[in-house]
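Single-letter residue listing:
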Amino acid sequence: MLLKLNKSLYNSPANTLFIGSKLIYLPECHSTNTTALQLLQQESLPEGTVIITDRQLAGRGQRGNSWEAVSGQNLTFSMVLRPRFLPIQDQFLLNISISLAISDFLTDLQLSGAAIKWPNDLYAGSKKLGGILIESSLKNAQLEWSVIGIGINVNQKEFSVPTATSLALELGCDHSLQQLLDQLLKALEVRYLQLMKQKKTQELRREYLERMYWLGEWHLFETEGKQFTGKIVGIDPRGKLAVLHQQEEQLHYYGIQQIRYLA
Ligand code: BTN
């Protein structure tokens, strides 16, 4: 794919070892995840390559949803990783590391009430602040590469849905996108290196649970078109959500397509 080079609004961060060392800036594109996937078909991108844009014409979210963000006001980027060290059955640890990194970044910004809504949405109170879309390719039963798409609402103040928020709304001031990108890429690298080198699986899971939205509280959920009251009690080793059903007093495990949070 021929990428038109433009004067970049973003520079590679000075404070990382490899994340963002190669940074591709596109004023607009369909989706940075799609661009990353296309580039990976054509060339070998160094691990840590970041593709960032001001405007996505067809930003993608989880469950086939779209991701809407006003041009030039938010962080929308994708990062290429090669987590070959991670056994396929432990793939969810990558979600955990990335979610924890963004949560660390939000804590550093003094955002109170930030939580990770399973599997990897970032919430401020009861509103969504950011999301993650991870798309991976497998080769010989190994993770060949993963494209980590991240959208964080930063300076946008109006949303089409009442359930969305931004750092500006939560913290009461605008932020420099470049500065936030530097901070976020650093946080992502720290957590990724921790996963790669220390493999403290139990500790990562524990930290993830500690920051989990609705953990241990009774709420209304929906599965297969039926509503039920349940309590999230954890995740299984593959990352399925463990929910205790109030009425049957039984534990059920759900994948991402199988359960919706209601109220
Ligand atoms: C979700 O919450 O459903 C995931 C949202 C992920 C959005 C980001 S924005 C950058 C990257 N490119 C995309 O098309 N999606 C991700």
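Procedures and definitions
- Residues numbered from 1 in each chain as written.
- Predicted model: local features only at pLDDT ≥ 70, side-chain atom pairs only at ≥ 80, totals over all residues.
- Heavy atoms only, no water.
- Helix = DSSP H or I, 4+ residues; strand = E, 2+ residues; numbered from the N terminus.
- Rg over C-alpha atoms; globule rule 2.2 N^0.38 Å.
- Buried < 20%, exposed > 50% of the residue type's maximum accessible area, 1.4 Å probe, protein only.
- Contact = heavy atoms within 4.5 Å.
- Areas by Shrake-Rupley, 256 points an atom, 1.4 Å probe, with all protein chains shown as cover.
- Lys, Arg positive; Asp, Glu negative; His and termini not counted.
- Charge placed at Lys NZ, Arg CZ, Asp CG, Glu CD.
- Domains from an automatic or database assignment.
- Buried area = accessible area lost by both parts, 1.4 Å probe.
- Polar contact = N/O pair within 3.5 Å; in protein donor to acceptor, adjacent residues only side chain to side chain.
- Nonpolar A, V, L, I, M, F, W, Y, C, P; charged D, E, K, R; others polar.
- Near = heavy atom within 4 Å.
- 1 Å grid on protein atoms, 1.4 Å probe; cavity = no way out; pocket = protein on both sides within 12 Å on 5 of 7 lines; lining within 4 Å.
- Sits in = over half its atoms within 2 Å of the grid points.
- Pairing = 2+ DSSP bridges.
- Axes fitted to C-alpha atoms, helices over the stretch in contact; angles between N-to-C directions.
- Points joined across faces, edges and corners; volume = space filled by probe spheres on them.

Asker: How should the overall build of the chain be read in this particular structure?
Answerer: What the chain contains, in helices and strands, is five helices and 12 strands. Taken against the 2.2 N^0.38 rule, which gives 18 Å for 263 residues, the C-alpha radius of gyration of the chain at 18 Å falls within 12% of a compact globule. When its C-alpha atoms are laid out on the principal axes, the chain stretches across 60 × 45 × 30 Å. Classification of the 263 residues of the chain by burial places 50% in the buried group. When contacts within the chain are restricted to residue pairs at least 6 apart in sequence, those whose partners lie at least 24 apart make up 61%. Just so you have it, the chain exposes about 12,700 Å², and 48% of that area is on carbon and sulfur atoms. Mean positive and mean negative side-chain charge positions of the chain (26 and 25 charges, respectively) differ by 4 Å.

Asker: Hey, could you run me through the domain arrangement of the chain in this one?
Answerer: The figure often quoted for interface size is the accessible area lost as the parts come together. What the domain assignment reports for the chain is domain 1 (23–210) and domain 2 (218–261). Each of domain 1 and domain 2 has a C-alpha centre, and the two are 25 Å apart. Approximately 1,100 Å² of surface area, both sides summed, lies buried where domain 1 meets domain 2, with 65% of it carried by carbon and sulfur atoms. Linking domain 1 with domain 2 are four residue pairs in polar contact (both at pLDDT 80 or more). Residue assignment for the side of domain 1 that touches domain 2 shows that the elements contributing at least two residues are α2 (92–108) and α5 (201–210). If you tally residues by element for the side of domain 1 that touches domain 2, the top one is α5, at three residues. For the side of domain 1 that touches domain 2, a count of residues per class yields six nonpolar, two polar and three charged.

Asker: Help me understand the site of the ligand in this model?
Answerer: S31, Q56, R60, Q62 and K128 are the nearest of the 20 residues found near the ligand. In this structure, S31 approaches the ligand through a side-chain N or O atom, which is 2.7 Å from an oxygen atom. Starting from 420 Å² of accessible surface for the ligand in isolation, the protein chains cover 98%. According to the grid-proximity analysis, the pocket containing the ligand is the largest pocket. Mapped onto the shell around the ligand, the elements with two or more residues apiece are α1 (32–42), β3 (75–81), β6 (127–139) and β7 (142–152). The element best represented in the shell around the ligand is β6, accounting for four residues. Looking at the shell around the ligand residue by residue, the classes come out as five nonpolar, 12 polar and three charged.

Asker: Could you clarify how one ought to interpret the sheet that holds β7 in this entry?
Answerer: Consider a sheet: its strands pair through backbone hydrogen bonds, and that pairing is either parallel or antiparallel. Pairing within the open sheet is mixed, and its seven strands lie in the order β1-β2-β3-β7-β6-β5-β4. Single-partner strands in this sheet number two, and they are β1 (23–29) and β4 (114–117). Across the sheet, the mean angle from the axis of one strand to that of its neighbour is 20°, orientation sign disregarded. Where strand β5 (residues 121–124) lies against β6, four bridges are found, and the strand directions are antiparallel. Its bridge partner lying in β6, A124 is registered against K127. Of the strands in this sheet, β1, β2 (50–56), β3, β6 and β7 touch α1, which is tilted by about 155° from β7.

Asker: Help me understand the sheet that holds strand β8 (residues 218–223), please; the structure alone is not making it clear to me.
Answerer: An order of β11-β10-β9-β8-β12 is seen for the five strands of this open sheet, with the pairing classed as antiparallel. Where the open sheet ends on each side, the last strands, each with one partner, are β11 (250–254) and β12 (260–261). Summarising the sheet, β8 and β12 pair through two bridges and their orientation is antiparallel. The residue bridging E222 from the neighbouring strand is R260, located in β12.

Asker: I keep staring at the layout of surface pockets and nothing clicks. Help me out?
Answerer: Which parts of space are left empty comes out when a probe the size of a water molecule is rolled across the atoms. As a volume, the largest pocket reaches approximately 1,100 Å³. In this structure, the largest pocket is lined by 43 residues; those nearest its centre are N65, S66, W67, D121 and K128. Every element with two or more residues in the lining of the largest pocket is listed here: α1, β3, β5, β6, β7 and β12. When residues in the lining of the largest pocket are grouped by element, the largest group, four residues, is from β6. Here the residues of the lining of the largest pocket sort into 18 nonpolar, 17 polar and eight charged. The two domains that each donate at least three residues to the lining of the largest pocket are domain 1 (23–210) and domain 2 (218–261). Lining the second largest pocket are 23 residues, and of these Q91, F92, N95, I134 and R238 sit closest to its centre. Elements with a minimum of two residues in the lining of the second largest pocket: α2, β6 and β7. For the lining of the second largest pocket, the leading source of residues is β6, giving five residues. Among the residues making up the lining of the second largest pocket, the classes are represented as 11 nonpolar, nine polar and three charged.

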